[in-house]
Amino acid sequence: MHISYQLYNVNNLNYKFDNTIIKTDKISESYQFNIKSTTITVDRSNNITIIHFDISVTTTLSDGGEVFRDISFDFNYVFSISDYNNLSDDQIREFIIEHGLESALAGVKDTILKISNIDYQPKLVVDIPEFPIRTSVLPNEDV
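Since we're looking at a predicted model, the values are computed, not measured.

Caption draft 1: Quick look at the pattern of salt bridges. Summed over all chains, the structure comprises five salt bridges. The salt bridge involving R69 is made with E29; its shortest N-O contact spans 2.5 Å. Of this pair, R69 sits in strand β4 (residues 67-82) while E29 sits in strand β2 (residues 29-43), placing them 40 residues apart in sequence. According to the relative accessible area criterion, E29 is partly exposed, its value standing at 21%. A cluster of three or more residues bridged by salt bridges with shared partners is formed by E29, R69 and D119.

Dropping the structure here:
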């Protein structure tokens with residue numbers, strides 16, 4: 001089976017920034033990155049697979065613990081798929097997890113960086129899980 005990146009989109013974007021809690025010129029903030037849900041949908045009629053993430057990032061200032069920035073959004077990462085006719089939807093999902101999840105999460109990380117760059121504060125650079133993630137070996141896998 002072969003996959004290739006098709007597109008991504010962001011929906012339901014919320015960005016809250018509270019500059020009233022800044023007390024000094026130099027700030028230090030910590031973040032909590034949360035993937036609230038992950039769904040992988042196989043759409044055979046359109047030859048695509050969609051990874052959907054429900055993302056939340058909250059930052060607090062180190063000197064007070066108050067919420068400084070709050071970002072939430074839905075993120076869809078779409079792959080076109082081919083050579084999959086003999087595979088079940090579960091096998092396709094496993095293949096996407098093993099070979100596509102890392103690039104989808106890199107897209108999430110890049111989106112957070114771009115969103116946090118719209119104010120005059122430092123960009124947020126979040127860490128993503130380590131890869132590769134291996135769920136199983138598909139029969140006749142061609143990687």
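More follows now that the structure is in view.
Caption draft 2: Up close: the sheet that holds strand β1 (residues 2-17). Spatially, the four strands line up as an open sheet ordered β1-β4-β3-β2, and their pairing is antiparallel. Looking at which strands have only one partner, the edges of the open sheet turn out to be β1 and β2. Strand-to-strand twist across the sheet, computed as the mean angle between neighbouring axes with direction ignored, equals 15°. Relative to strand β3 (residues 48-61), β2 is paired through 14 bridges, and the arrangement is antiparallel. Within β3, the residue paired with F33 across the bridge is V57. Those strands touched by helix α1 (residues 89-116) are β1, β2, β3 and β4, and its axis lies near 140° from that of β4.

Caption draft 3: Quick look at the pairing of β3. A loop of four residues connects β2 with β3, the two strands running antiparallel in sequence, and N47 in this loop sits at a positive phi of about 55°. Sheet topology note: the β3/β4 ladder contains 13 bridges and is antiparallel. Pairing of F53 across the sheet is with F75, part of β4.

Caption draft 4: Spatial organisation of unusual backbone geometry. One non-glycine residue, N12, adopts positive backbone phi at about 55°. Mapped onto the elements, N12 comes out in strand β1. Exposure remark for N12: the relative accessible area of 56% places this residue in the exposed category.

Caption draft 5: Spatial organisation of the packing of aromatic side chains. A complete count under the given rule lists seven aromatic pairs for this structure. Arranged with centres 6.2 Å apart and planes meeting at 20°, the rings of F75 and Y77 form a pair that is stacked. Comparing F75 with Y77, the two get one shared label, buried. Here the aromatic cluster, defined as three or more aromatic residues joined through ring pairs, consists of Y5, Y8, F53, F73, F75, Y77 and F79.

Caption draft 6: Region of interest: the environment of S103. One can find S103 in helix α1. Put simply, S103 and Y5 are 98 residues apart on the chain and 8.9 Å apart in space, counted from C-alpha to C-alpha. Ignoring anything within four residues of it in the chain, the contact list for S103 reads Y77 and F79. Within the structure, S103 has its side chain in polar contact with the backbone oxygen of G100 (distance 3.0 Å).

Caption draft 7: Fine view of a nonpolar patch on the surface. A surface patch of nonpolar side chains, amounting to about 420 Å² of accessible area, comprises Y5, L7, Y8, V10 and L13. Summarising the element assignment, Y5 is placed in strand β1.

Reading guide: rules and limits
- Residues numbered from 1 in each chain as written.
- Predicted model: local features only at pLDDT ≥ 70, side-chain atom pairs only at ≥ 80, totals over all residues.
- Heavy atoms only, no water.
- Salt bridge = Lys/Arg side-chain N within 4 Å of Asp/Glu carboxyl O.
- Helix = DSSP H or I, 4+ residues; strand = E, 2+ residues; numbered from the N terminus.
- Buried < 20%, exposed > 50% of the residue type's maximum accessible area, 1.4 Å probe, protein only.
- Pairing = 2+ DSSP bridges.
- Axes fitted to C-alpha atoms, helices over the stretch in contact; angles between N-to-C directions.
- Contact = heavy atoms within 4.5 Å.
- Phe/Tyr/Trp six-rings, centres within 6.5 Å; stacked < 30°, edge-to-face > 60°.
- Polar contact = N/O pair within 3.5 Å; in protein donor to acceptor, adjacent residues only side chain to side chain.
- Patch = residues over 30% accessible without salt bridge, like charges linked within 9 Å, V, L, I, M, F, W, Y side chains within 5 Å.
- Areas by Shrake-Rupley, 256 points an atom, 1.4 Å probe, with all protein chains shown as cover.

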